[in-house]
Amino acid sequence: SSQGREGKAPGSMLLLLLLSCSAPPAPFVTSASSGLRFVSSSSSLHLLPAVLKHTGRITLEQTLRLRGGDSNDCNEFGGYQVLNNEMRESFDTVMKRRFVFMQSFLIHGGVSGLFDYGPIGCSIKNNIVDAWRKFFVVSDGMLEVACPSITPHRVLEASGHVKRFTDLMVRDETSGECFRADKLIEEFCDVDLMKDAKHSNETRREMMMSLKARAGSMTIEQVEDAISTFNITSLSTGAKLSKPLPFNLMFKSTIGPSSGSSVFLRPETAQGIFTNFKRLLEFNGGKLPMTIAQIGKSFRNEIAPKQGLLRQREFEMAEIEHFLANGETGHVEFCKMADVEVCLFSRTAQERGEAESWTTLGQAVEDGIIVNQALAYFLGKTQKFLRQCGIKAIRFRQHRATEMAHYAQDCWDAEVLCSYGWVEVVGHADRACFDLQMHSEATDVPLVAWEQHQEPRERRVVQTTID
């Protein structure tokens, strides 16, 4: 279970918990000199900051517009209310005035995509990290590592990030301003739909809704065709746009004064886990399955970061890698998750224009919607964690083939409903053996596990030689 990436940015759990939590029974939080503390209420953790209890003209109820009730009410999202744009701006103003968070280096003009957390923001973030560690690492007996953020070029070249960790970018040919292509198309569709708010042209409306839904999974040719077909221009100046080009999202640097060794700031925490696989397996007594976790900073050079904390260039990432023996797809604890109900937005439903559907994880695996029990287990585990944090409107959206990360065989995003719509907060990917194979081939170090059998087993192997 790990952060997938193909034109996606991680959602900030801090902001989403502030905007999306369901109202808990009082008292739900206590304030202290050190910041915010968890208070248990019906075995749930509620992370709303006490500062929101008294915010002058904006009260907690006015600001959050949240729905209470039992978590079983979540089967329908119709009753779930989120902030409108006006209330969100008021909420952001309160957060900044109270220094929960603030744009970094503001006295020097600020930098997009970089944020400072104040005392309350730090307390909330630390509480979330602590809760995540207890819920996943401690509860499941995982192994935890801490690896450097600076990663050599050869490591990320082997993993495929140097070549494939990209977003499509277009440029305003008049001003030179750069836009992320899929987000520009989505904004264009939103503007077009607002112009036709009365739905006078139903065909046009359906076309725009379909285009917006496909924007995140388009190939470079499809993006270019959409820009040409719908005459999409720069939303800032109305000028013509350049052809889309891939832009690598990793920050590049060098090590030492000679500048002979190229490095990147890591875009994900997973690679340190893979490169330490051999030692971790030895530490685990050579046994599989084995689950490794890491919490730390990751960096992504976003083309045009917007939506506040939801799209950052430097952020905290909590990541898990679960290793299984070859051919094994089960999970020893799956029986505890089999009856958990989840809202799934499958690849097939998206392609057919259908809505999400509710089912149990056991049924989804049986029907082949989710590829295996191991992946389904972590979907269920994630939903339970988000629910304990107070988030109710949760769905899992499956990646289409065109948006799948280069390492993934199957990928599901946990999305939560907030004032920006459905926003990804967790990615779950079946990476198979891709990463271990790539690093093994690049280093000639066998990253494999050995299994001893009671009786010898014979296998027929066909090996070809090309002269």
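One can find the structure itself at the top, above this paragraph.
All figures in this text were calculated on a predicted structure; none of them were measured in a lab.

Draft legend 1. The arrangement of the packing of aromatic side chains in detail. Enumeration according to the criterion identifies eight aromatic pairs in this entry. With a centroid separation of 5.1 Å and 35° between ring planes, the pair formed by Trp132 and Phe136 is classed as tilted. Here Phe136 and Trp132 lie together in helix 4 (residues 119–138), a separation of four residues that amounts to about one turn. One exposure class covers both Trp132 and Phe136, and it is buried. What links up through ring pairs into an aromatic cluster is the set Trp132, Phe135, Phe136 and Phe385. Of note, Arg88 hangs over the ring of Tyr420, and the distance from its end group to the ring centre comes to 3.9 Å. The side chain of Lys381 reaches across the aromatic face of Phe135, ending 4.5 Å from its centre.

Draft legend 2. Looking closely at unusual backbone geometry. Leu288 connects to Pro289 through a cis peptide bond whose omega is 5°. Tracing the backbone shows Pro289 in the loop between helix 11 (277–283) and strand 14 (290–299). In this model, Phe105 sits at a positive phi of 55°, which is unusual for a non-glycine residue. For Phe105, the position within the fold is in the loop between strand 5 (101–103) and strand 6 (115–117).

Draft legend 3. Main features of the pattern of salt bridges. Taken as a whole and assessed by the stated rule, the structure comprises 24 salt bridges. A salt bridge links Glu187 to Lys306; the nearest nitrogen and oxygen atoms lie 3.0 Å apart. Taken as a pair, Glu187 in helix 7 (residues 181–195) and Lys306 in the loop between strand 14 and strand 15 (314–323) lie far apart in primary sequence, 119 residues in all. Taking the shortest distance from any N to any O, the salt bridge between Glu415 and Arg395 comes out at 2.8 Å. Taken together, the residues Glu415 in strand 19 (residues 410–418) and Arg395 in strand 18 (residues 394–398) connect sequence positions 20 residues apart. Each of the two residues, Glu415 as well as Arg395, counts as buried. Each of Asp167, Arg180, Asp182, Glu302 and Arg311 takes part in a single network of salt bridges with overlapping partners.

Cut-off values and rules
- Residues numbered from 1 in each chain as written.
- Predicted model: local features only at pLDDT ≥ 70, side-chain atom pairs only at ≥ 80, totals over all residues.
- Heavy atoms only, no water.
- Phe/Tyr/Trp six-rings, centres within 6.5 Å; stacked < 30°, edge-to-face > 60°.
- Helix = DSSP H or I, 4+ residues; strand = E, 2+ residues; numbered from the N terminus.
- Buried < 20%, exposed > 50% of the residue type's maximum accessible area, 1.4 Å probe, protein only.
- Lys NZ or Arg CZ within 6 Å of the ring centre and 35° of its normal.
- Salt bridge = Lys/Arg side-chain N within 4 Å of Asp/Glu carboxyl O.

Limitation: the analysis is restricted to geometry and does not speak to function.
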